[in-house]
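Architecture at a glance
Residues per chain, in single letters:
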Amino acid sequence: MTQAGTQVTSTLLEAHEAEVLQQWMQQLREDGALHSGRIREAELQTQCGQFLRLLREALAGGSQDIESAAFAPLRDLLADISASRATQGFTPRETTLFIFSLKQPLLDVFARHAGASQADALAANWSIGLLLDRLGLYTMEAFQKTREELIVRQQQEIAELSTPVIKLWDGILALPLIGTLDSQRTQVVMENLLESIVQQSAGIAIIDITGVPTVDTLTAQHLLKTVAAARLMGADCIISGIRPQIAQTMVHLGVELDVVSKATLADAFALALSKQGRMVARRRTEAAASAPALSGGPRQG
């Protein structure tokens, strides 16, 4: 953007800001900016007004670089708008439309009011086109950054939710695993399990892998790390849920789990109870308990 173009653009925008705002809002309506219902017209108009004011102030200083200090308030506004729209579920097109829809209204207004100087009109058109392109790219980058941060945070939350530690009995915990066990998730599993062992004063931890689709060498290593960490905290581990297909795969791969394993969670729970000196027994009903006495007692006559 040339210095002359910056001055012309600043002068025209200051003189016809209200007209530009009116046509910009009309263009946004035609482009469907309000169709999703995620933003109200009053809020959108406020954002547009703030943008035009900050743009005019930045251009009034003669700056040509959107990374300069003069454009800092405008960059902050675009970052806030992009972050808000990324959180609300706006698409990249809907977000960048906020900037690019301003181009035609500005060009139309400047063409009507640039006067007899065709050179001034060309300078303003060229300047505003380049400026809005750069601001649009900045908006897209800010939007994408927020989206990536959101995805990472959601992945962390899902990882924590998918590794719940359940108290089965006094001193007995269960950790049901579902999905692939990678290095990042192993760290979450370890932290959740070790914290629960301390909080519950647990001596036995059952790691159930019924929901783990495959167990390869890497997955086995992650399991062994979790078991070793639990042992360091004084808790014995039992692995349950090893299906026949997984058992065959582990044998073919030569994978050895140096830990007690059971086919089902129920079997692992029964073993954990026996380690505590407890057992699971069927409760005899009152009718069953009294039946032998009735049938085997002396006859009354």
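Because the structure is a prediction, the values reported are computed rather than measured.

1. Thoughts on the nonpolar core
In terms of nonpolar packing, the biggest core is built from 35 residues, with F51, L55, F98 and L135 touching the most fellow members. Secondary structure elements with two or more residues in this core: helix 1 (3-15), helix 2 (17-30), helix 3 (41-60), helix 4 (72-88), helix 5 (92-100), helix 6 (103-113) and helix 7 (118-161). Top contributing element to this core by residue count: helix 3, with 8 residues. In contact with L55, not counting residues within four places along its chain, are L13, F71, L74, L131 and L135. Membership of the second largest hydrophobic core comes to 26 residues, among which are L177, L181, A230 and I239.

2. Quick notes on the packing of helix 8 (residues 183-200) against helix 9 (residues 217-232)
Where helix 8 meets helix 9, the axes come as close as 10 Å, and the angle between the chain directions of the two elements is 20 degrees. As summarised for this structure, helix 8 and helix 9 are arranged roughly parallel, according to the angle between their axes. In this structure, the crossing between helix 8 and helix 9 has a hand that is right-handed. Residues S183, T186, V189, M190, L193, L194 and I197 of helix 8 form the contact with helix 9, whose participating residues are H222, K225, T226, A229 and A230. Along the lines of polarity and charge, the residues of the contact of helix 8 with helix 9 split into 7 nonpolar, 4 polar and 1 charged.

3. Here we look at the pairing of strand 3 (residues 204-211)
Counting buried residues along strand 3, 6 of its 8 residues qualify, which places the element largely inside the surrounding structure. In terms of strand pairing, strand 2 (residues 172-178) meets strand 3 through 6 bridges, oriented parallel. Looking at the pairing, P176 lines up with D208 of strand 3. As paired strands, strand 3 and strand 4 (residues 236-240) are joined by 5 bridges and run parallel to one another. Residue pairing for strand 4: I206 is matched across the bridge by I238.

4. Description of the packing of aromatic side chains
Under the criterion given, the structure shown has 3 aromatic pairs. Aromatic side chains W24 and F98 sit 5.2 Å apart centroid to centroid with 45 degrees between the ring planes, which places their arrangement in the tilted category. Of this pair, W24 sits in helix 2 while F98 sits in helix 5, and the two are 74 residues apart along the sequence. Here W24 matches F98 in class, with each residue buried.

5. A word on the pairing of strand 4
Across the 5 residues that make up strand 4, a large majority, 4, are buried. With respect to chirality, the unit in which strand 3 leads through helix 9 into the neighbouring parallel strand 4 is right-handed. Where strand 4 and strand 5 (residues 260-262) come together, 3 bridges link them in parallel fashion. In the sheet register, S240 faces strand 5, and the bridge partner there is K262. In this fold, strand 4 hands off to helix 10 (residues 244-253), which returns the chain to strand 5; that crossover is right-handed.

Rules of the game
- Residues numbered from 1 in each chain as written.
- Predicted model: local features only at pLDDT ≥ 70, side-chain atom pairs only at ≥ 80, totals over all residues.
- Heavy atoms only, no water.
- Core = buried A, V, L, I, M, F, W, Y, C linked by side-chain atoms within 4.5 Å.
- Buried < 20%, exposed > 50% of the residue type's maximum accessible area, 1.4 Å probe, protein only.
- Helix = DSSP H or I, 4+ residues; strand = E, 2+ residues; numbered from the N terminus.
- Contact = heavy atoms within 4.5 Å.
- Axes fitted to C-alpha atoms, helices over the stretch in contact; angles between N-to-C directions.
- Parallel < 35°, antiparallel > 145°, perpendicular 65-115°, else oblique.
- Left-handed = near helix turned anticlockwise from the far one by under 90°.
- Nonpolar A, V, L, I, M, F, W, Y, C, P; charged D, E, K, R; others polar.
- Pairing = 2+ DSSP bridges.
- Phe/Tyr/Trp six-rings, centres within 6.5 Å; stacked < 30°, edge-to-face > 60°.
- Right-handed = clockwise from strand over helix to strand, strands pointing away.

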